Amino acid sequence: MKKILILTVTAGNGHNACAKAMKEKLEEYGDVEVKIIDVLKSYSSPINIWVADKGYNIAIGKLRHLYHMFYEHYYKQDPKNRYQCKAQGVAMSLVGGLLKEIYDFKPDVIYSVHFYPAIAITNLRLIYDIPCKVIVANLDYVNSPFWEGCIGVDYFVIPNDDFTAPSIEIGFKKEQLKPLGLPVNERFFKEMSKKEARQELGLDNDIFTIMVMFGGGHWKGGFNIFNDLIHALGNRKAQVIMINGRNKQDYEKISKMKFKKNIKVLNVGFTSKVDLYMSASDVILNKLGGTSATEMINKKLPIIVTDTVSGQERHNLDYLKSKGVAKSFKNAKELKEILFDLMDNKDHYDQMVENVLKLRVNGIDNTAQFILNQPLAHYDQQKIDKIDYKNVFKNVQKARLKANKVEKRGNKLKNA
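Residues numbered from 1 in each chain as written. Predicted model: local features only at pLDDT ≥ 70, side-chain atom pairs only at ≥ 80, totals over all residues. Heavy atoms only, no water.

1. Quick look at the packing of aromatic side chains
Thinking step 1. The tally for this structure, following the rule as stated, stands at 15 aromatic pairs.
Thinking step 2. The interplanar angle of 10° and the centroid separation of 5.7 Å between the aromatic rings of Y141 and Y319 together place this pair among those described as stacked. Taken together, the residues span a long stretch of sequence, with Y141 in the loop between β4 (133-137) and β5 (155-158) and Y319 in helix α14 (residues 312-322) at a distance of 178 residues. Y319 shares its class with Y141; the two are buried.
Thinking step 3. Judged by centre distance (4.5 Å) and plane angle (15°), the ring pair of F156 and F172 falls under stacked. You can see F156 sitting in strand β5 and its partner F172 sitting in the loop between α8 (164-169) and β6 (177-179), a full 16 residues away along the chain. Both residues of the pair, F156 and F172, count as buried. (Phe/Tyr/Trp six-rings, centres within 6.5 Å; stacked < 30°, edge-to-face > 60°. Helix = DSSP H or I, 4+ residues; strand = E, 2+ residues; numbered from the N terminus. Buried < 20%, exposed > 50% of the residue type's maximum accessible area, 1.4 Å probe, protein only.)

2. Things to note about the sheet that holds strand β2 (residues 32-38)
Thinking step 1. Ordered by their spatial adjacency, six strands build an open sheet running β2-β1-β3-β4-β5-β6, and the pairing between neighbours is parallel. Every interior strand has two partners, whereas the edge strands, β2 and β6, have only one. Across the sheet, the mean angle from the axis of one strand to that of its neighbour is 20°, orientation sign disregarded.
Thinking step 2. Running at roughly 170° to β2, helix α1 (residues 14-28) makes contact with β1 (2-8), β2 and β3 (109-112) of the sheet.
Thinking step 3. Each of β1, β3 and β4 touches helix α7 (residues 115-124); the most contacted strand, β3, lies at about 135° to it. (Pairing = 2+ DSSP bridges. Axes fitted to C-alpha atoms, helices over the stretch in contact; angles between N-to-C directions. Contact = heavy atoms within 4.5 Å.)

3. Considerations on a nonpolar patch on the surface
Thinking step 1. On the surface, L63, L66, M69 and F70 cluster together to form a nonpolar patch covering roughly 380 Å² of accessible area.
Thinking step 2. Following the sequence through the fold, M69 ends up in helix α4 (residues 64-75). (Patch = residues over 30% accessible without salt bridge, like charges linked within 9 Å, V, L, I, M, F, W, Y side chains within 5 Å. Areas by Shrake-Rupley, 256 points an atom, 1.4 Å probe, with all protein chains shown as cover. Salt bridge = Lys/Arg side-chain N within 4 Å of Asp/Glu carboxyl O.)

4. Quick word on the sheet that holds strand β10 (residues 283-286)
Thinking step 1. The strand order β9-β8-β7-β10-β11-β12 describes an open sheet built from six strands, whose pairing is parallel. Of all the strands in the sheet, just β9 (263-268) and β12 (326-329) have a single pairing partner and so form its edges. Mean inter-strand twist for the sheet, computed between neighbouring axes without regard to direction, equals 20°.
Thinking step 2. Sitting on the sheet, α14 is in contact with β11 (303-306) and β12, with an inclination near 125° to β12.
Thinking step 3. Where helix α15 (residues 332-344) meets the sheet, its contacts fall on β7 (209-213), β8 (238-243), β10, β11 and β12, and the angle it forms with β12 comes to roughly 150°.

5. Notes on the environment of I102
Thinking step 1. Relative to the elements of secondary structure, I102 occurs in helix α6 (residues 95-105).
Thinking step 2. A sequence separation of 98 residues divides I102 from E200, and the C-alpha atoms of the two residues are 46 Å apart.

6. Thoughts on the layout of surface pockets
Thinking step 1. Counted as a void, the second largest pocket has a volume near 250 Å³.
Thinking step 2. Lining the second largest pocket are 14 residues, and of these Y75, N143, S144, P166 and I170 sit closest to its centre.
Thinking step 3. Of the residues in the lining of the second largest pocket, the class split is nine nonpolar, three polar and two charged. (1 Å grid on protein atoms, 1.4 Å probe; cavity = no way out; pocket = protein on both sides within 12 Å on 5 of 7 lines; lining within 4 Å. Points joined across faces, edges and corners; volume = space filled by probe spheres on them. Nonpolar A, V, L, I, M, F, W, Y, C, P; charged D, E, K, R; others polar.)

Written out as structure tokens, the structure is:
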């Protein structure tokens, strides 16, 4: 039986959802034992847990401009400072607990969906033997800050070949890079016709259908965008699916609204059937995390995004706009222009769908098969028994600082 350790971090729900989906996919294939660990909740401090989850959600919801400023600052940092990057403090808090977890569980493969555990393993490997293959997946359409600290893993799963050169620039070797696609839940890749989905949801089959989804986290712009959409449609015939998630306030506001007869609104709270609603839609208005973007792409949907997105979502938007699968708007007028163009210009709409299909890939199946094809690992129990876990942090810290000096010395020689 192959043993697989999946490492995640609660920072929003995307990483955990991808970890869970991978566990389910691996178990579909049979003889495996899969264990998921939230590394911050297991090995780090309450403040690091709060910053990664609650703090992150507050930053992208209420402090977007400030968050974007910090993101861009770290995005532009020299990747050669990998052993001193800002994420090192959190990553170092994981090393003792993570090493013990690895040696107790003895996985054949470690699969990480976040850079924190990948940085910790890169540091651990400076001094400790971790014989299993370590695979880390990027869940965005950009190499966000701190991926440069993860070069000690065996493989880096990237969305496609567009990310090969940028990954090499931050320190990865070409043989480490695997362009397998973003590994999101496979249910978004499964085929379902619009007719079938609309029939199940009680929607008309031949009316242009727009899905809006901004629920969850600390995002407060969903209702305003929905309202702008309704006003933009005016007397145009359309169906609107509004997914509010856990935002009960917006759900109740919309429930009390009156709509013209030409507009049919399906007001939805939290749902586990997002893939069904996407299947029924012609276009989607959403935020643009990498996992949600991939779900939309796998459902063959042209994407419309508010121009206020920040951080990695801004880079995701820039990339997807360059591929012709997304458009952005700054105000209600621009939203109206984009919508009417897609509703009235079939050639333009079809071209966007064709562009979406070029990016569509079953990343979770590709990655799962790659994980399962890795060899079994062999651990030296005698060496493991001699480890004093109380000294792991100190030992790794010394090794990290030494590696930093060696890298700086090497960079000086290259530049001389």
